[in-house]
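Chain residues, written in single-letter form:
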Amino acid sequence: MGPVRREQIVRATVRCLAREGYTRLTMKKVAREAGVSQGILHYYFADKRAMLAATLQAVTRDLDRRVAAAQSRTGRDPRARLGALVRACLGVAVRRPEVWVVFVEFWGEMMHDRRLRDLNTAVYARTRRLIARLLADGVRAGRFRPVDPRRGAAVVLGLVDGLSLQLTFDPDAFTLAE
């Protein structure tokens, strides 16, 4: 029951963050939203920063699964795999904007907490490595012009984040088809 209960609490944290933000997030509100006692909540999480960290990890895992599923339908072509990654991330911004709200709330808090900043650094480093491998494969296959994969990955990730945020907060700015 442990992992199921923990996941239930994390999903409730996502909903609370999306609705009220981190500053109004309380253990009591999350417990109520999850349908558990505050004692159960404290069994899994020491404090709301620990819940925020677990929530970021959960939404990142979910995003990773969506990207992997989208890429699995493209074959091995690096250009198609990169396009699948971008479309999957932007699709989450349209269909599940609460995911990007979690990122925004996390980013605001990480500036004041070394542990959260380290977690963010690890998530971004891993994502840049994944994108850099796609870019390097694409350069070797002649599908992309020669580029430093590490620097190109930082640019691609910045574009994905920026576009995803725009779609989250201003869904009328553009469409996925554009």
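This text goes with the structure placed above it.
Conventions used here
- Residues numbered from 1 in each chain as written.
- Predicted model: local features only at pLDDT ≥ 70, side-chain atom pairs only at ≥ 80, totals over all residues.
- Heavy atoms only, no water.
- Helix = DSSP H or I, 4+ residues; strand = E, 2+ residues; numbered from the N terminus.
- Expected span 1.5 Å × (residues − 1).
- Buried < 20%, exposed > 50% of the residue type's maximum accessible area, 1.4 Å probe, protein only.
- Contact = heavy atoms within 4.5 Å.
- Core = buried A, V, L, I, M, F, W, Y, C linked by side-chain atoms within 4.5 Å.
- Polar contact = N/O pair within 3.5 Å; in protein donor to acceptor, adjacent residues only side chain to side chain.
- 1 Å grid on protein atoms, 1.4 Å probe; cavity = no way out; pocket = protein on both sides within 12 Å on 5 of 7 lines; lining within 4 Å.
- Points joined across faces, edges and corners; volume = space filled by probe spheres on them.
- Nonpolar A, V, L, I, M, F, W, Y, C, P; charged D, E, K, R; others polar.
- Phe/Tyr/Trp six-rings, centres within 6.5 Å; stacked < 30°, edge-to-face > 60°.
- Salt bridge = Lys/Arg side-chain N within 4 Å of Asp/Glu carboxyl O.

> Describe in detail helix α5 (residues 78-95), supporting the description with residues and values.
Helix length check: α5 (18 residues) gives 25 Å between terminal C-alpha atoms against 26 Å at 1.5 Å per residue, within 8%. Listing the buried residues of α5 in full gives Pro78, Leu82, Gly83, Ala84, Leu85, Ala88, Cys89, Leu90, Gly91, Val92 and Ala93. Tucked inside the fold, the buried residues of α5 contact α4 (48-72), α6 (97-110), α7 (114-140) and α8 (149-169).

> Run through the side chain of Thr168, naming residues and quoting values.
Along the chain, Thr168 turns up in helix α8. In this structure Thr168 comes out as buried when scored by relative accessible area, which is 12%.

> Which residues make up the nonpolar core, and what values go with them?
With 55 residues, the main nonpolar core has Ile9, Val30, Met51, Trp100, Phe103, Phe106 and Ile131 as its most contacted residues. Looking at which element gives the most residues to this core, the answer is α4, with 10 residues. Apart from the residues within four sequence positions on either side, Val30 is in contact with Ile9, Ala12, Thr13, Cys16, Leu25, Leu41 and Met51.

> Hey, could you go over α4 for me, with residue numbers and the actual values?
The end-to-end C-alpha distance of α4 is 36 Å, a good match for the 36 Å that 25 residues give at a rise of 1.5 Å each. Sitting at the head of α4, Asp47 places a side-chain oxygen 3.2 Å from the backbone nitrogen of Arg49.

> Hey, could you go over the layout of surface pockets for me, with residue numbers and the actual values?
Roughly 260 Å³ of internal volume is contained in the largest pocket. Leu63, Asp64, Cys89, Thr127 and Leu157 are the residues nearest the centre of the largest pocket, which is lined by 19 residues in total. Mapped onto the lining of the largest pocket, the elements with two or more residues apiece are α4, α5, α6, α7 and α8. For the lining of the largest pocket, a count of residues per class yields 13 nonpolar, 3 polar and 3 charged.

> Which residues make up the packing of aromatic side chains, and what are the values?
Within a pair of aromatic rings, the relevant descriptors are the distance that separates the centres and the angle that separates the planes. Across all of its chains, the model carries 3 aromatic pairs by this definition. One aromatic cluster is present, formed by Trp100, Phe103 and Trp107 through successive ring pairs.

> Go over the pattern of salt bridges with me, naming the residues and quoting the values.
Opposite charge on two side chains allows them to pair when their charged atoms are near. By the definition in use, this model includes 16 salt bridges. Between Glu20 and Lys29 there is a salt bridge, and its shortest N-O distance comes to 2.7 Å. On the basis of relative accessible area, Lys29 is assigned to the partly exposed category, the value being 26%. With its nearest N and O atoms 3.0 Å apart, the salt bridge here joins Arg96 to Glu98. Exposure remark for Arg96: the relative accessible area of 24% places this residue in the partly exposed category. According to the relative accessible area criterion, Glu98 is partly exposed, its value standing at 23%. Shared partners join several salt bridges into a network, and the residues in it are Arg15, Arg19, Glu20, Lys29 and Glu33.

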